[in-house]
Amino acid sequence: MMNCRNLLNSVLVTIVLMTLAVSALPPEKIATCCKQVSNVEITEPITGYMIQERNLPCVRAIIFQTESGLYCSQVKSPWVPLKIREFLNAKAKATPSSPVSLLSIITSTASPPAGQTSQASFSTSNQ
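Summary of the structure given here.

Criteria and thresholds
- Residues numbered from 1 in each chain as written.
- Predicted model: local features only at pLDDT ≥ 70, side-chain atom pairs only at ≥ 80, totals over all residues.
- Heavy atoms only, no water.
- Helix = DSSP H or I, 4+ residues; strand = E, 2+ residues; numbered from the N terminus.
- Buried < 20%, exposed > 50% of the residue type's maximum accessible area, 1.4 Å probe, protein only.
- Areas by Shrake-Rupley, 256 points an atom, 1.4 Å probe, with all protein chains shown as cover.
- Pairing = 2+ DSSP bridges.
- Disulfide = S-S within 2.5 Å.
- Polar contact = N/O pair within 3.5 Å; in protein donor to acceptor, adjacent residues only side chain to side chain.
- Salt bridge = Lys/Arg side-chain N within 4 Å of Asp/Glu carboxyl O.
- Contact = heavy atoms within 4.5 Å.

## Brief notes about the overall build of the chain
Reasoning step 1: The helix and strand inventory of the chain stands at three helices and five strands.
Reasoning step 2: The order of α-helices and β-strands along the chain, N terminus first, is α-β-β-β-β-α-α-β.
Reasoning step 3: Burial status across the chain gives 27% buried among its 127 residues.
Reasoning step 4: In the form shown here, the chain has an accessible surface area of approximately 9300 Å², with 62% of it arising from carbon and sulfur atoms.

## Some remarks on the pairing of strand E4 (residues 69-73)
On a regular strand, each side chain points to the face opposite its neighbour's, so the side chains alternate between the two faces of the sheet.
Reasoning step 1: A large share of E4 lies buried, amounting to five of its five residues.
Reasoning step 2: Judged from the five bridges that link them, strand E3 (residues 61-66) and E4 form a sheet pairing that is antiparallel. Residue pairing across strands places isoleucine 63 opposite cysteine 72, the latter belonging to E4.
Reasoning step 3: Taking the residues that link successive antiparallel strands as the turn, the E3-E4 hairpin has two residues.

## Some remarks on the state of the cysteines
Reasoning step 1: By the definition in use, this model includes two disulfides.
Reasoning step 2: One disulfide bridge connects cysteine 33 with cysteine 58, the sulfur atoms lying 2.1 Å from each other. Judged by the sign of its S-S torsion, about -85°, the cystine formed by cysteine 33 and cysteine 58 is left-handed. Separated by 25 residues along the polypeptide, cysteine 33 in strand E1 (residues 32-34) and cysteine 58 in the loop between strand E2 (46-52) and E3 bring together distant segments of the chain.

## Points about the side chain of serine 38
Reasoning step 1: Structurally, serine 38 is set in the loop between E1 and E2.
Reasoning step 2: Given a relative accessible area of 14%, serine 38 falls into the buried group.
Reasoning step 3: Only 3.0 Å separates the side chain of serine 38 from the backbone nitrogen of valine 40, close enough to count as a polar contact.

## Some details on the pattern of salt bridges
Reasoning step 1: Counted under the stated rule, the structure contains one salt bridge.
Reasoning step 2: Residues glutamate 53 and arginine 60 are paired through a salt bridge, measuring 3.5 Å at the closest nitrogen-oxygen approach.
Reasoning step 3: Under the relative-accessibility criterion, glutamate 53 is labelled partly exposed at 48%.
Reasoning step 4: Classification of arginine 60 by relative accessible area gives partly exposed; the value is 42%.

## Examining unusual backbone geometry
Reasoning step 1: Between leucine 56 and proline 57 the backbone carries a cis peptide bond, its omega angle lying at 10°.
Reasoning step 2: Mapped onto the secondary structure, proline 57 falls in the loop between E2 and E3.

## Some points on the environment of isoleucine 51
Reasoning step 1: Structurally, the position occupied by isoleucine 51 is in strand E2.
Reasoning step 2: Separated by ten residues in the primary sequence, isoleucine 51 and alanine 61 have C-alpha atoms spaced 6.1 Å apart.
Reasoning step 3: Among all residues touching isoleucine 51, those that are not within four sequence positions of it are Ala61 and Ile62.

What follows is the structure, encoded as structure tokens:
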């Protein structure tokens, strides 16, 4: 009986120590980022967007989501606020949104569609 109790205590202590060790690790970045931006206006429908702040090597950008992929756009481009307003107005009028989220697309490992010249490069960082 005493051996089982000692064994159980040892297992519990091991689990607690492992949990503490894992929680002490630094958080891992799982998202990709824009390292360059484009001023070219996006002509296809916007299905989502995200604001990216500068955090080197990432640059400040508006990341637009479309059916064909993600576009890194210059924050100060004159057409950007209009596209955001159009998207928000359309979203407010629409029924519940698609189950595919911008986060799921950003964190996926799929390659962007070929032949997209206004699409900026993305990279995954583990820091």
